Amino acid sequence: MKPSPSQEGTVNISKLDRSNSLCCSYAARRICAGYPGRRDAQIVLENLSAEFVGGKIYVLMGRNGCGKSTLLKVLAGELHPNAGSADFECESGRHSCSIEYLPQDYRQALFPWKTVLENVYPWDNTSDLVEDGFDLNSFKETKIKILSDFGLGAVCNGFPYKLSGGQQQLLLLARSVVSTARVILLDEPFSALDIIWRSLVSEHLRRDWRGRGKVVICVMHEPEEAAVLADEVVFLSGSPMSVAERIHRESESKASVKDFRAEIEKMIQEFAHGEHNDA
Ligand SMILES: [Zn+2]
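Details of the coordination of the zinc ion
The protein atoms that coordinate the zinc ion are Cys23 (SG), Cys24 (SG), Cys90 (SG) and His95 (NE2), at distances of 2.2 to 2.5 Å. Note that the zinc ion binds four donor atoms; their angles at the metal cover 88 to 132°, and the shape is tetrahedral. Judged by its relative accessible area of 13%, histidine 95 falls in the buried class.

Here it is, written out as structure tokens:
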């Protein structure tokens, strides 16, 4: 997407239409992909299929180098598959598939010549904002409020290069709250955040993304952060990579999060001891 001057309007999260939860889904269908230049890992994905529905947060877990980021890049349209497709579906027929992708090197997603405030919504398109229930008259205040929630209220008129890595990541997570994209893809989105911010933003993002019916797919490594954020953890393994296990969180209760975390940790142990090695 070409950068353009941001629009002054506002997002009022509480007024957003929540009826569109679950209406969208995004699916990988028989994806084959790889990096032709790489001798050791030419085929990373072979016939990989997986479906992700709106209003749920999926966390992809698996060993380093297993192909999680490759899958995310294919879903983001950053890497063209050799075969198969990534298909967006909307039951209501209302939205086109637009994707917000936060790469592992999150700095790539910043617009260095725009202020922190402008970086929250650096796009030109206001019709999508209106359709998403944002009030354009108070959009600036909404952006400031979101930046404040993410600890950036005092630096909103500065430029991204002056921020720490953690602050830059928080800025991009703030963007994901305002984003009108139906699909949000994030590769290790909390890597530069301290433990307190991880916990604070997890709750915030979970509430906002789910409330707005987004399809959210996220690569993560820590069982704790996955348990707090995810509805479902998708374990990937093997070479070429496949979906080994999918485990779900039961509810919003603290006990559920605790059980979910224990289950994720158990699964990681099983992978570590080869019980799921399908290579
Ligand atoms: Zn939809």
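Regarding a nonpolar patch on the surface
The grouping of Ile195, Ile196 and Leu200 at the surface amounts to a nonpolar patch, some 340 Å² of accessible area in total. Along the chain, isoleucine 195 falls in helix H6 (residues 195-211). By relative accessible area, isoleucine 195 is classed as exposed at 66%.

Describing the pairing of strand E6 (residues 183-187)
Along E6, five of the five residues are buried, which leaves the element largely enclosed by surrounding structure. Of the two faces of E6, both are covered, the one formed by Val183, Leu185 and Asp187 as well as the one formed by Ile184 and Leu186. Pairing of strand E5 (residues 99-102) with E6, which is carried by four bridges, proceeds in the parallel orientation. Bridge pairing in E6 links isoleucine 99 to valine 183. Two strands pair when backbone bridges link them, and E6 and strand E7 (residues 215-219) are joined in this way by five bridges, in the parallel orientation. Each residue of the ladder has a partner; that of leucine 185, found in E7, is isoleucine 217. In this fold, the crossover linking E6 to E7 by way of H6 has right-handed handedness.

Observations concerning the sheet that holds strand E1 (residues 24-33)
Reading across from one edge, E2-E1-E4 is the order of the three strands in this open sheet, with antiparallel pairing throughout. With one partner strand each, in any of the chains shown, strand E2 (45-53) and strand E4 (83-90) form the two edges of the open sheet. Geometrically, the sheet is characterised by an average inter-axis angle of 5° between neighbouring strands, direction not taken into account. Examined bridge by bridge, E1 and E2 share six bridges and lie antiparallel to one another. Directly across from tyrosine 26, in E2, lies its bridge partner phenylalanine 52.

The rules behind the values
Residues numbered from 1 in each chain as written. Predicted model: local features only at pLDDT ≥ 70, side-chain atom pairs only at ≥ 80, totals over all residues. Heavy atoms only, no water. Donors = N, O, S within 2.8 Å, 3.2 Å for Na, K, Ca; no water. Tetrahedral: all angles 85-135°; square planar, octahedral: opposite > 155°, others 65-115°. Buried < 20%, exposed > 50% of the residue type's maximum accessible area, 1.4 Å probe, protein only. Patch = residues over 30% accessible without salt bridge, like charges linked within 9 Å, V, L, I, M, F, W, Y side chains within 5 Å. Areas by Shrake-Rupley, 256 points an atom, 1.4 Å probe, with all protein chains shown as cover. Salt bridge = Lys/Arg side-chain N within 4 Å of Asp/Glu carboxyl O. Helix = DSSP H or I, 4+ residues; strand = E, 2+ residues; numbered from the N terminus. Pairing = 2+ DSSP bridges. Right-handed = clockwise from strand over helix to strand, strands pointing away. Axes fitted to C-alpha atoms, helices over the stretch in contact; angles between N-to-C directions.

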